[in-house]
Amino acid sequence: MNNTAVIVGEFKRFIKFFISELKPRGKWLTPFNVISIPIIILGIIILYIRFTQGLGSVTNLSQQFPWGFWIGFDVVTGVAFAGGAYVITFVVYVMRVEKYHSIVRVTVLNGLLAYIFYAGALVLDLGRPWNIINPIIGNSFGYNSVLFLVSWHFLLYMIAEFVEFSPVIAEWAHWPKVRKFLTALTLGAVIFGITLSMLHQSGLGALFLMAKPKIHPLWYSEFIPLLFFVSSIFAGLSMIIFEGTISHRVFRNLIGEKSHHSHEQIILGLGKGAAIAMFVYYFFQALIFIHQEHWALINDFWGYWYLIEIIGFVLIPCFMFAYAVRNRSMGIIKIASVLALVGIVMNRLNVSVIAFNWDAVNKYYPSWQEIVVTLMVVFSEIWVFRWIVTRMPVFNKEK
Amino acid sequence: MEFYYYVNIFETKGLEYLLLICFLVLFILLVRYLSPPIKKK
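Each chain has its residues counted from 1, following the order in which its sequence is written. Lettering for chains starts from A, numbering for ligands starts from 1, and both go in the order in which the items are written. Note on the predicted model: pLDDT of at least 70 is required for a residue's local features to be given, and 80 or more for side-chain atom pairs to be given and counted; whole-chain, interface and lining totals, by contrast, use all residues.

Caption draft 1: Region of interest: helix α14 (residues 368-389) of chain A. Strands here mean DSSP runs of E at least two residues long; helices mean DSSP runs of H or I at least four residues long; both are numbered from the N terminus. One less than the residue count of a helix, multiplied by 1.5 Å, gives the span that helix is expected to have. Over its 22 residues, α14 of chain A runs 32 Å from end to end, which matches the ideal 32 Å to within 8%, given 1.5 Å per residue. Looking at α14 of chain A, one finds that the buried residues are E370, V373, T374, M376, V377, F379, F385 and V389 of chain A. Our exposure labels follow a C-beta count within 10 Å of each residue's own C-beta, placed from the backbone: buried means 20 or more other C-beta atoms, exposed means 12 or fewer, and partly exposed covers the counts in between.

Right, here's the structure in full:
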């Protein structure tokens, strides 16, 4: 048999296998399905209206508020939550800390899906979405724009994460030779991915450097890129703790015995990393506050809101993480991770939506359609995640 | 209310140095606190 016939035969086998894998598994009538399916259907209808009648038909966006909830939550916040992938791959593949090896696959999958769905949600928010390809194909590159860097980085990072995850796909498809080849590419993809990630996490912050007159001074600083980068470290770690806790419960039967036993140690290690990153972030914020002499701004609504974010959702979870790691308290570590995630949502929404045009007479509030579409994006990601982990060897258990 | 006034970068230097020293000391304490105590044999 010649090579072409072998490839065609293997391709046919894969298509057959893939179709068999598409069949739903497990119970249909679960609380998650009951909530998510109507929201996803409603979201699709809203998106149809958005693409046929324009942004104004379903959003409260305007010339004064061109960036709203979709950018603020889906893109700016979602990408911070995906930061766990570059942190964990750095720790495992570069620092060679083998303790975290069992969570690499699921973390990379989470990161990849977060980029596909949340960064992909950027298309929804563009007035002329077909122009999204311009920075890539060279039609008005816009070399001086931070968005040029961010768009290229998003694309390249998604490819790098796909390469990092591809050995799992090859393993699932029973392609041992392909898997061997793809595994050899992993370290290169990891190093490339870490470089890209560090740059575009800070690049997202750099987007707001040109909006100095619009952002409240408590949230504007020339160090926004650095703050976005450092906060993405603990955002990613907190997300892994949060997501890992849920996965550990929901996909209990898919997780190998070894991973079950090491789960607590891994969570404690991640909590330690998050505590240190939050501590550094808090002092960066304090240094910027002092340097920019913001004392006069602290005694009004915006000042109190800023203090709630920094003390309530950075300093307190930082102490909680430290206390929990020292006393091996899994409960406190999980609460701290939720608080840290809320803090990240607050920070990113403050910079991009809430404290943006803070002194404008007309305020921006997201429409119910914007919230439904955001929920649709989140639920769709969870659906795809669930489909993949129930079929592919993501949790390191031999199938 | 005008927020964009000239900032004298030397005005707050003393406080910034103090904060940095506090940070370094507290950071060492935090890392020591986070490290598990060594069990005596």
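The rest of the description comes next.
Caption draft 2: Structural view of the environment of M376 of chain A. All names here are of chain A. The residue M376 is located in helix α14 in this model. Among the residues examined, M376 registers 22 C-beta atoms within 10 Å and is labelled buried. Considering only alpha carbons, one finds M376 and I39, 337 residues apart in sequence, at a separation of 5.9 Å. Here, residues touch in the contact sense if the C-beta positions derived from the backbone fall within 7 Å of one another. Beyond its immediate sequence surroundings of up to four residues, M376 is in contact with I39, I40 and G43.

Caption draft 3: Layout of the interface of chain B and chain A. Listed per partner, the contact involves 11 residues of chain B and 15 residues of chain A. Here the term charged refers only to Asp, Glu, Lys and Arg, the term nonpolar to Ala, Val, Leu, Ile, Met, Phe, Trp, Tyr, Cys and Pro, and the term polar to all other amino acids, Gly among them. Of the residues that constitute the side of chain B that touches chain A, the class distribution is 9 nonpolar, 1 polar and 1 charged.

Caption draft 4: Examining helix α2 (residues 31-53) of chain A more closely. Residues and elements named next belong to chain A. Taking 1.5 Å of rise per residue, 23 residues should cover 33 Å, and α2 covers 34 Å from first to last C-alpha, within 8% of that figure. Taken together, the buried positions of α2 are occupied by G43, I46 and R50. Positive phi shows up at G54, right after α2, with a value of about 95 degrees.

Caption draft 5: Geometry of the environment of I311 of chain A. Residues and elements named next belong to chain A. Within the secondary structure, I311 is located in helix α12 (residues 301-327). Judged by C-beta crowding, with 11 C-beta atoms within 10 Å, I311 ranks as exposed. For I311 and P366, which are 55 residues apart along the polypeptide, the C-alpha to C-alpha distance reads 27 Å.

Caption draft 6: Here's a closer look at unusual backbone geometry. Residues and elements named next belong to chain A. For E293, which is not glycine, the phi dihedral falls at a positive 50 degrees. With respect to the helices, strands and loops of the structure, E293 is situated in the loop between α11 (257-291) and α12. Unusually for a residue other than glycine, N357 sits at a positive phi of about 55 degrees. The topology assignment puts N357 in the loop between α13 (330-354) and α14.

Caption draft 7: Geometry of the packing of helix α3 (residues 69-81) of chain A against α13 of chain A. Residue and element names in this part refer to chain A. Axis definition: a line fitted to C-alpha atoms, limited for helices to the stretch in contact. Angles are taken between N-to-C directions and run from 0 to 180 degrees. Taken N-terminus to C-terminus, the directions of α3 and α13 make an angle of 135 degrees; their axes are 9 Å apart at the nearest point. It follows from the interaxial angle that α3 and α13 lie oblique. Considering how the two elements wind past one another, α3 and α13 form a crossing that is right-handed. In this structure, α3 contributes F69, I71, G72, F73, V76, T77 and A80 to the contact, and α13 contributes I344, V345, R348, L349, S352 and V353. Class assignment for the residues of the contact of α3 with α13 results in 9 nonpolar, 3 polar and 1 charged. Roughly parallel here means an angle under 35 degrees, roughly antiparallel means over 145, roughly perpendicular means 65 to 115, and every remaining angle is called oblique. Here a crossing is called left-handed whenever its near helix is offset anticlockwise from the far helix by less than a right angle, and right-handed whenever the offset is clockwise.

Caption draft 8: A look at the confidence of the model for chain B. Averaged over all residues, the pLDDT of chain B equals 81, while 71% of them reach at least 70. Overall fold confidence (pTM) sits at 0.90, and the ipTM for the predicted complex is 0.78. Confidence of the predictor in every single residue is expressed as pLDDT, which spans 0 to 100.

Caption draft 9: Region of the structure containing the environment of E16 of chain B. For E16 of chain B, the location among the structural elements is in helix α1 (residues 13-34). We classify E16 of chain B as partly exposed; it has 16 C-beta atoms within 10 Å. Sequence separation between E16 of chain B and F27 of chain B is 11 residues; the distance between their C-alpha atoms is 16 Å. With residues near it in sequence (within four places) discarded, E16 of chain B still touches L287, I290 and H291 of chain A.

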